[in-house]
Amino acid sequence: MSETTIKLIDVSKMPAEQATGKLIDHAVTMGASDLFLGANEQHTAVMVRHLGIVRPISVLSNDQGRRVLSHIKANAGMDLTERRHPADARWIYRKDDGSAVDLRINVMPTLYGEDFAIRLLSRGNMLYTVENLGFGKDQLATYLNMISSPSGLILITGPTGSGKTATLYASLMRLNDGKRKINTIEDPIEYAIDGLRQSQVNPQIALTFPELLRAVLRQSPDVIMIGEVRDEETAKTAVHAANSGILVFATLHAPSSTQAVASMRALGAAPHFLANSLRGVVSQRLVRTLCPKCKVAFDLSDAPHTFDDVKQWLGPDEGKALYAAKGCEACSMSGYAGRSAIFEMLPVTRAIRNLIADGAPNREIRAKAIEEKMAEFRQTAMLKVARGETSMEEVFRVIPTEHLVLDD
């Protein structure tokens, strides 16, 4: 059955307050990360992002849609009369059982009214640990060694929605033992964590990443987490901090682990200082994991070489079949039950460090990393397929084709 074949919930006869609560509760219960309400010409569409996929959950009349949107605005302390400009707000929503959900609300004016994008952050949810992010055994050992360094720069790269924040929080939780002073600079702060000194950028008062980073360096931190390196000043200051004895974590938009080096150089980081500070780069994507109750196996006896590229990492009972999504009640007919990260990890060895310092191009750095046995995206993705964790279809949906094709 198609994963788009889901039952819509009917809130048409409910007052705005009850309908809003029903929609939020349903989204939280199904584990959605976002709730979307979009005004159209003849109705208001209600959708969620579930396991990275946008799915409809309800349809409201235009009149009820306006009442629901006004109810959300009122609870978030927003101006009910302002419909011409984008706006951000926050609402701590209380469920019937007393638990709280932190709603981060963005409103955007559109052709037929307003669109709401609401990030759902359930307070009290257990954050990821480094061990359950999706690292392979060898990758986990490499990463733990990387973050155990007393100083240096660790870059986490990937597109929006690739799980970078989860990796950052899991890493900081691992280091949050009371023996280190850990400061974070975030946009926004997604989870308040005891033991971390967390600061949030605020563009409305010109409180930016560079300004907060300069201030944090005067706070004598042992570890700094920078939500995103966006500009030349942040890139240069992060490298300087990492060279001065601080362990710095930062996210960066780069398509692969080795291309992160080129991105930092493009932002003005001097090759010599970058080479001295960089401990490693982790590039990642999120794939949905197959529902264990309904996944379907296909025998590979007619295609015995499917997993030849990764057979060195496979156990004796792995790589015997391909698994595909089917759909059942347990997974809301999606065929998938969770998400896991696929990683491409570049530890900075002496040889890699020398190439970075010399300003070597990405292709040369990548060739050396592969020579030193770096597992590429196509290999780590195929390992999850071979182990029945995800489907080939999901890998092709998430991983860009250029990362899945073997270079000549």
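Whatever comes next refers back to the structure up there.
Because the structure is a prediction, the values reported are computed rather than measured.

As for the overall build of the protein chain
- Helix and strand counts for the protein chain come out as 13 helices and 15 strands.
- The globule rule puts the C-alpha radius of gyration for 408 residues at 22 Å, and the 23 Å found for the protein chain is close to it.
- If one aligns the C-alpha atoms of the protein chain with their principal axes, the spans along those axes are about 65 × 65 × 40 Å.
- The buried share among the 408 residues of the protein chain stands at 49%.
- Pairs at least 24 residues apart make up 64% of the contacts formed inside the protein chain by residues separated by at least 6 positions.
- If you sum the accessible surface of the protein chain, you get close to 20000 Å²; carbon and sulfur atoms cover 51% of it.

Section: the pairing of strand β10 (residues 223–226)
- Burial along β10 is two-sided: the face carrying V223 and M225 and the face carrying I224 and I226 are both buried.
- Across four bridges, strand β8 (residues 182–186) lies against β10 in parallel orientation. Residue pairing across strands places I182 opposite V223, the latter belonging to β10.

Let's talk about the packing of aromatic side chains
- Under the definition given, this model contains four aromatic pairs.
- Ring geometry for W91 against Y93: centres 5.5 Å apart, planes inclined by 85°, an arrangement best described as edge-to-face. Take W91 and Y93: they sit in the same class, and that class is buried.
- Here F135 and Y143 contribute two aromatic rings whose centre-to-centre distance is 5.0 Å and whose plane-to-plane angle is 25°, an arrangement assigned as stacked.
- Clustering of aromatic rings is evident, with ring pairs tying together F135, Y143 and F343.
- Directly above the ring of Y336 sits R288, whose terminal nitrogen or CZ lies 4.0 Å from the centroid.
- Its guanidinium or amino end placed over the ring of Y323, K295 lies 4.7 Å from that ring's centre, counting from NZ or CZ.

Notes on the sheet that holds strand β5 (residues 100–110)
- The sheet built from six strands is open, its strands ordered β3-β2-β1-β6-β5-β4 with antiparallel pairing. Whereas interior strands pair on both sides, the edge strands pair on one side only; in this sheet they are β3 (53–60) and β4 (87–94). Each adjacent strand pair in this sheet contributes to an overall mean axis angle of 20°, direction not counted.
- Relative to strand β2 (residues 44–50), strand β1 (residues 34–39) runs antiparallel, the two being bridged by six bridges. Across the sheet, the residue bridging to F36 is M47, located in β2.
- Relative to the sheet, helix α1 (residues 16–29) contacts β1, β2, β3, β4, β5 and β6 (113–122), its axis offset from that of β4 by approximately 85°.
- Those strands touched by helix α2 (residues 62–75) are β1, β2, β3, β4, β5 and β6, and its axis lies near 50° from that of β6.

What counts, and at which threshold
Residues numbered from 1 in each chain as written. Predicted model: local features only at pLDDT ≥ 70, side-chain atom pairs only at ≥ 80, totals over all residues. Heavy atoms only, no water. Helix = DSSP H or I, 4+ residues; strand = E, 2+ residues; numbered from the N terminus. Rg over C-alpha atoms; globule rule 2.2 N^0.38 Å. Buried < 20%, exposed > 50% of the residue type's maximum accessible area, 1.4 Å probe, protein only. Contact = heavy atoms within 4.5 Å. Areas by Shrake-Rupley, 256 points an atom, 1.4 Å probe, with all protein chains shown as cover. Pairing = 2+ DSSP bridges. Phe/Tyr/Trp six-rings, centres within 6.5 Å; stacked < 30°, edge-to-face > 60°. Lys NZ or Arg CZ within 6 Å of the ring centre and 35° of its normal. Axes fitted to C-alpha atoms, helices over the stretch in contact; angles between N-to-C directions.

Purely geometric numbers; function is a separate question.
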